[in-house]
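As a plain string of letters, each chain reads:
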Amino acid sequence: MPERPSYEGEARKLVLAFDIGTTYSGISYSILDPGYSPEVLDVTRYPSTGAGGNSKIPSIVYYDTEGTPRAFGGEALQESIIETAEDEQWVKAEWWKLHLRPRNMPSAHINDSDIPALPPSKTAVEILGDFMHYLFQCAKTYIEESHANGRDMWTSFNDNIDFVLSHPNGWEGPQQAQIRQAAVMAGLVPDTSEGQARIRLVTEGEASLHYCLGCRHAADGFQENVGVMVIDAGGGTIDISSYSMHSSTQTFLEITPAECRLQGSVFITQRAEEYLGRKLRGSRFGTTEDITQMKNEFDKTTKLRFSNPSEPSYIRFGTVRDRDPDFNIRSGQLKIPGSDVATLFEPSADAIIAAAEEQMRTATEPINSVFLVGGFGASDWLFSKLKGYFEPLNLQLSRPDSHTNKAVAKGAVAFYLDHRVSARVSKFAYGTRCAVEFDRNDEQHRLRAAAAIPRPSGRTVIPNAFSVILHKGTAVSETKEFRKDFIVECAERSTSETVAAEIVCYRGHTLNPRWTDSEPGMFSNLCTVHADTSRVARTLSPRRGFAGMQYFRQQFSIVLMFGLTELEAYIGWTEDGEERR
């Protein structure tokens, strides 16, 4: 990859990237000084985690009975905090990010009752805001203490701080809006257009690609017109994306819609808890307290060490006096067949393989390299399992380096600095509901004839039509617009003074969906765009329609831009000979 050019801005700027995961979170940053090439740096010191290169902290918050946050991250694991929390009835929030998940994601194995409940009177967005505020304070303290003249440096940034916030591939417009809302609640930016312009959102898949591009060991995997798959295996989600490189521009094109699966490592722990409950039924160690302790120990050690199904695994939970030979408990530890542990991992591996197969099936370029990153990507069992799948397909699987859990935060900063992806593929079809003129020669129209509506012009229209503006699987560059023209007829001029259009997403498999009433569960409203067209409405000339009825006709366009990681939607109309939006 080419050398990063010098920063050409006029004033020093700070870029902060927050990777807020289901189980762990981290921060990377870059200080942009005019005339100097920017570097990607990590926050490696947090309260109560000590020094020594810790790049992540647990995504845990303790709240008191008033809903005030009292401890975050590593602080929440301190014995004194745990004791105080018990005495004062604080509530621990963990895995709270999963409460933000889109309800239309494939997730039959999980519902809200499977996720730790949110503290009373707290929403997941509020917790996200509190956690962002804490991460910001951690970044401030680290920079002030780690850089020469750190306090003066921090002061020099003033409000010239941009934020890069990552999210799973499967998070969509509503979740992106919640992330932006949480950033305002955290005090990162004001709730203005200028404040929101300081926030960049990036998918975890795209951030992981940028991370791999910066890894020396991964460089050989990027070749022109050959696809590269990036698997980000995290605590909650598995994000899979595929790209190809244009060597002349050193930019990347997404070659198939990104995938997201709710099968991260927390679900292995969830399955372990259910397994332990069944296995120890009838043992004196089968109490809720013991099962919880074993689950936590499994999560912290056994799960991380597991690599070979032919060797037993152990969960240490008690003292040397704790034993129950009938249940393979000796010296305070439970012995589990490795084959049993493998069954806890396999649904996650199967989900990754299924998503990878979908990527390879739909990719527009052949894929020959696969990179595995993310905290779960450090699992030796998972790496071995995936290697056994990919190698017979002549696909090279590799982990770029030993710090795969830093991938998203570091890659998010690189995304901001380098911006390597120039085109992305639409995951769904996007358009709007509309009415179409009745055509008696069209069978679908005849089936809906009872719903026909007469218009003032004398036309007869059929409602519940779907007009596709952006088709699924379309490669979208950052500057390309997709637009379609529409008209609205109304009997009163005043009705033309405003125009509103619903932007609708179709998630089904029909290549050219025509009717929203044929698969109602596959259509969802993303947003409604409103336009004040009062000035042009005053210039509309009345028309004569059916039986001499007077009516007014307003023409407008719906414009979609999807080149960045967020959808932009506009209404456009012509006023005084120029297009307004």
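What counts, and at which threshold
- Residues numbered from 1 in each chain as written.
- Predicted model: local features only at pLDDT ≥ 70, side-chain atom pairs only at ≥ 80, totals over all residues.
- Heavy atoms only, no water.
- Helix = DSSP H or I, 4+ residues; strand = E, 2+ residues; numbered from the N terminus.
- Rg over C-alpha atoms; globule rule 2.2 N^0.38 Å.
- Contact = heavy atoms within 4.5 Å.
- Areas by Shrake-Rupley, 256 points an atom, 1.4 Å probe, with all protein chains shown as cover.
- Pairing = 2+ DSSP bridges.
- Core = buried A, V, L, I, M, F, W, Y, C linked by side-chain atoms within 4.5 Å.
- Buried < 20%, exposed > 50% of the residue type's maximum accessible area, 1.4 Å probe, protein only.
- Polar contact = N/O pair within 3.5 Å; in protein donor to acceptor, adjacent residues only side chain to side chain.
- Axes fitted to C-alpha atoms, helices over the stretch in contact; angles between N-to-C directions.
- Parallel < 35°, antiparallel > 145°, perpendicular 65-115°, else oblique.
- Nonpolar A, V, L, I, M, F, W, Y, C, P; charged D, E, K, R; others polar.
- Disulfide = S-S within 2.5 Å.
- Patch = residues over 30% accessible without salt bridge, like charges linked within 9 Å, V, L, I, M, F, W, Y side chains within 5 Å.
- Salt bridge = Lys/Arg side-chain N within 4 Å of Asp/Glu carboxyl O.
- Lys, Arg positive; Asp, Glu negative; His and termini not counted.
- Charge placed at Lys NZ, Arg CZ, Asp CG, Glu CD.

### Digging into the overall build of the protein chain
Helix and strand content of the protein chain: 13 helices and 30 strands. Taken over the C-alpha trace, the protein chain has a radius of gyration of 27 Å; the compact-globule value for 581 residues is 25 Å, and the two agree within 12%. Taken over the C-alpha atoms alone, the protein chain extends approximately 95 × 60 × 55 Å along its principal axes. For the protein chain, long-range pairs separated by at least 24 residues make up 69% of all intrachain contacts whose partners lie at least 6 apart in sequence. Of the roughly 26900 Å² of accessible surface on the protein chain, 47% is carried by carbon and sulfur atoms.

### Some thoughts on the sheet that holds strand 20 (residues 429-437)
With antiparallel pairing, the five strands of this open sheet are ordered in space as 21-22-20-25-26. A strand with exactly one partner marks an edge of an open sheet, and here the two such strands are strand 21 (453-454) and strand 26 (523-532). In the sheet, strand 20 pairs with strand 25 (residues 498-506) via three bridges, with the strands oriented antiparallel. Along strand 25, the bridge assignment pairs Tyr430 with Cys505.

### Section: the nonpolar core
Counting 53 residues, the largest nonpolar core has Leu16, Phe18 and Met132 as its most contacted members. Broken down by element, this core gets its largest block of residues, 13 residues, from helix 2 (residues 124-146). Those residues in contact with Met132, other than ones at most four positions away along the chain, are Phe18, Ile20, Leu165, Ile179, Ala182, Ala183, Ala186 and Leu188. Grouped together as the second largest cluster of nonpolar side chains are 43 residues, Phe306, Ile315, Trp381 and Tyr389 included.

### As for the environment of Arg448
Tracing the backbone shows Arg448 in the loop between helix 12 (443-447) and strand 21. Here Arg448 falls in the buried class, since its relative accessible area comes to 13%. Separated by 10 residues in sequence, Arg448 and Phe438 place their C-alpha atoms 9.3 Å apart.

### Points about unusual backbone geometry
Despite not being glycine, Asn328 has its phi angle at roughly 60°, a positive value. Tracing the chain through its elements places Asn328 in the loop between strand 14 (313-316) and strand 15 (329-330). Residue classification places Asn328 among the partly exposed positions, given a relative accessible area of 30%. The phi angle at Asn394 is positive, at roughly 60°, despite the residue not being glycine. Secondary-structure assignment places Asn394 in the loop between helix 10 (380-390) and strand 18 (396-398).

### Quick word on the side chain of Glu204
Along the chain, Glu204 falls in helix 6 (residues 204-213). Given a relative accessible area of 6%, Glu204 falls into the buried group. Side-chain polar atoms of Glu204 contact the side chain of Lys97, separated by 3.1 Å. Once you skip the residues sitting within four places of it in the chain, Glu204 turns out to touch Asp19, Lys97, Ser166, His167, Pro168, Asn169, Asp232, Thr237, Asp239 and Val408.

### Structural notes on the packing of helix 6 against helix 11 (residues 407-418)
The N-to-C vectors of helix 6 and helix 11 enclose an angle of 80°; their axes lie 7 Å apart at closest approach. In terms of axis orientation, helix 6 runs roughly perpendicular to helix 11. Note on element contacts: helix 11 touches helix 6 through Ala407, Val408, Lys410, Gly411, Ala412, Ala414, Phe415 and Asp418, opposite Glu204, Glu206, Ala207, Ser208, His210 and Tyr211. Grouping the constituent residues of the contact of helix 6 with helix 11 by class yields seven nonpolar, three polar and four charged.

### A short note on the state of the cysteines
Scanning all chains against the criterion turns up zero disulfides. Cys215 forms no disulfide, and the closest cysteine sulfur to it belongs to Cys212, at a distance of 5.7 Å. Unpaired in this structure, Cys260 has its nearest cysteine sulfur neighbour in Cys505, at a distance of 15 Å. Residue Cys260 is classed as buried on the basis of its relative accessible area, which comes to 7%.

### Section: the environment of Glu497
Tracing the sequence through the fold places Glu497 in the loop between strand 24 (481-490) and strand 25. With residues up to four places along the chain from it excluded, the contact list for Glu497 reads Ala531, Asp532, Thr533, Ser534 and Ala537.

### Let's talk about a negative patch on the surface
Taken together, Glu83, Glu86, Asp87 and Glu88 make up a surface patch of like negative charges. Classification of Glu88 as partly exposed rests on a relative accessible area of 43%.

### Focus on the sheet that holds strand 15
Reading across from one edge, 14-16-15 is the order of the three strands in this open sheet, with antiparallel pairing throughout. Only two strands of the sheet have a single neighbouring strand rather than two, namely strand 14 and strand 15. Relative to strand 16 (residues 333-336), strand 14 is paired through four bridges, and the arrangement is antiparallel. Following the sheet pairing, Tyr314 is matched in strand 16 by Lys335. Those strands touched by helix 8 (residues 288-305) are strand 14 and strand 16, and its axis lies near 125° from that of strand 14.

### Notes on the pattern of salt bridges
In this structure the tally under the stated criterion is 31 salt bridges. A salt bridge links Glu204 to Lys97; the shortest N-O distance between them is 3.1 Å. A residue pair is termed long-range when its members are at least 10 positions apart, and Glu204 in helix 6 and Lys97 in the loop between strand 7 (91-93) and helix 2 qualify at 107 residues. On the basis of relative accessibility, which here comes to 8%, the residue Lys97 falls in the buried class. The partner of Asp130 in a salt bridge is Lys122, with the nearest N and O atoms 3.5 Å apart. Here Lys122 falls in the buried class, since its relative accessible area comes to 15%. Here the residues in one salt-bridge network are Glu481, Arg483, Glu579 and Arg581, joined through shared partners.

### A word on the pairing of strand 28 (residues 550-561)
Burial within strand 28 is extensive, with nine of its 12 residues counted as buried. Strand direction decides the pairing type here: strand 24 and strand 28, joined by 10 bridges, are antiparallel. Each bridged residue has a counterpart across the sheet, and for Ile487 the counterpart in strand 28 is Gln555. Here strand 27 (residues 543-544) runs beside strand 28; their pairing, made up of two bridges, is antiparallel. Paired with Arg544 across the bridge in strand 28 is Gln550. As paired elements, strand 28 and strand 29 (residues 568-575) share five bridges and run antiparallel to each other. Bridging from a neighbouring strand, Ile558 pairs with Ile571 of strand 29.

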